[in-house]
Amino acid sequence: MTEGTMMAKSTEFKMLAETSEDFLFAVRKFIPEVLISDKHYKRILKTAAMIPVRFSLCCIFELALNDELAEAGVSFGIPYYLCNSTLITDQLTSRDPSWAALKKLIQVRENPNNCLSQNTNFFWIEFDISGQSPYSPSLFVTITDQPPPDSLRQKHSNRITAVLDSIESTLGNDLFSRDYYQHTLRAIQQLPSSCTVKQIGIMTSRDLRTVKLIIKGIEVNGGNSVENYLRLLGYTDPLDEFIDIYEKLSPFLDSFCLSIDVADGIQPRLGWECFLAQRNPQKKERWELLYDQLVQEKLCSYNKSEAILNFPGYSSIIDYQDIWPDSLSDYWTNHKKERLSFLIRRINHVKISFIPHHGFRAKAYLALNYYRKGLKWLKDKNGEYYPSIC
C-alpha cells in the first residue's frame, strides 16, 4: 500500500493559534483513520491547544492494536535543551496539579548542580485521551543511558536513587506519597546487577496514581530472571503467560524493557516494551515478522498492522508548506540555504501489557520528530555550487 493511500483526510480541521495544536494539525495527513479517527483526533487537538508548540517537536502517539475504536493517547517530549520553566505558564499550572509538578521539576533541573540536571535528559508529558476532558498528564523522567559495569553498580544504584529522591522531595506528598516512595526505592534496590532504570513515571492520569519503572537489562531466564526479581518484590500472580509471550516475540526484537507499576507494593499490571534498533520497516524485515506474530496472537488487527508498517518516512517542511506552523515555515524560508527542515515519522516501539486473569493488550508507539540538518555548499567541476548535507 502506498503512502498516498494511507494518508487521512483532515479538511474539517481549522488552524488556530500557534500552539502544539498547529503542529499536530499539520501532521494529521500522515496518520490514517484506521489508527486514529477524525472524531478522536479532534480531542487530541483540543488537548494540544494548551501546550507550547516547542513541546510538540518530539511527540508520540500511543495506539491500541486490536479492533477497538481508532483512539490514541499522545505524549510530548521535552529534551534538556528545551527545559525552560517559563514555558509552563500560570494558566497551565492553575488547570491541573500535574502542570505545577512539571514546572517544579524543570525548575529544579535548571540548576546545573542538581542530580536531575546531571542524570536526566528528557521529560515527557503523557495524555490518556479517554473519558471526559480536560485530561491530566502523567509525567515521565528519562534517565541518561549509562549502563554501569559491575564495579560501579553501587554508584549507579545510588544515582538512580538520587533521582528518585529529588523527584519525591520536589513533588511532596500531593503527587508522590512517602509510602509509594518507599516501595519504589525497594524496587530499585532489589534490581539485579545487570539492570538499570530507563524511566520513572508518575502516573497522575490514573485513578490509582502509581509510580512506573521502565527497567532495562533484566534477563528472562537464569538467576537474575524477571520472575526472581518480581517474586522478591512480593508479586504472587502466575507469570507463565507473561514470559511465554516474550519468548514468542523475542526472535524479532533487538532489545526489551520490563515495565512495572508500584503503589503500596508492586501492582498486577506488567509490560514488555519491545524495540528494534532500525525503526523503519522498509529497512528491517523483522518489523513485518513482528507484526505478523502480533496478528497471529490476536493482539493486532491486520488493517492496523498494514497502516503502522506504512507509517514511517520523512517530509520536508517545503512540502505542504501552507499547513505547517508559521514558526517552522518561517525558519525554513529564512534558513533554506543553511539547513534542511523536515519531519521524521517512525515506529518507536511496541508495548505488550499484561494483567493476570485479564490477558494481554498490545500498543504501538508512533513517533514524530521535527529535525534540522545543516547544509554546506560545494562547487562541482563546472564551477556551479550545489548543497550537501553536513
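Residues numbered from 1 in each chain as written. Predicted model: local features only at pLDDT ≥ 70, side-chain atom pairs only at ≥ 80, totals over all residues. Heavy atoms only, no water.

**So, the side chain of S136**
Right, on to step 1. Take S136: it is sitting in the loop between strand 3 (120-127) and strand 4 (138-143).
Right, on to step 2. Polar side-chain contacts of S136 include one of 3.1 Å to the side chain of D96.
Right, on to step 3. In this structure the side chain of S136 is engaged in a polar contact, spanning 3.2 Å, whose partner is the side chain of S98.
Right, on to step 4. Ignoring sequence-local partners within four residues, the contact set of S136 consists of D96, S98, E126, F127, T204 and S205. (Helix = DSSP H or I, 4+ residues; strand = E, 2+ residues; numbered from the N terminus. Polar contact = N/O pair within 3.5 Å; in protein donor to acceptor, adjacent residues only side chain to side chain. Contact = heavy atoms within 4.5 Å.)

**Remarks on the packing of aromatic side chains**
Right, on to step 1. Tallied over the entire structure, the rule returns 11 aromatic pairs.
Right, on to step 2. Plain terms: the ring middles of F242 and F354 are 5.7 Å apart, the flat faces sit at 25° to each other, and that makes the pair stacked. Of this pair, F242 sits in helix 10 (residues 240-249) while F354 sits in strand 10 (residues 339-355), placing them 112 residues apart in sequence. Neither residue differs from the other here; F242 and F354 are each classed as buried.
Right, on to step 3. Ring pairing ties together the aromatic residues F242, Y246, F256, W272, F354 and F360, which thus form one cluster. (Phe/Tyr/Trp six-rings, centres within 6.5 Å; stacked < 30°, edge-to-face > 60°. Buried < 20%, exposed > 50% of the residue type's maximum accessible area, 1.4 Å probe, protein only.)

**Description of the nonpolar core**
Burial of nonpolar side chains together is a common tendency in soluble globular proteins.
Right, on to step 1. L24, I260, W272 and Y291 are the most contacted members of the largest nonpolar core, which has 113 residues in total.
Right, on to step 2. With residues up to four places along the chain from it excluded, the contact list for W272 reads V220, V226, F242, I245, Y246, F256, C257, L258, V350, K351 and I352. (Core = buried A, V, L, I, M, F, W, Y, C linked by side-chain atoms within 4.5 Å.)

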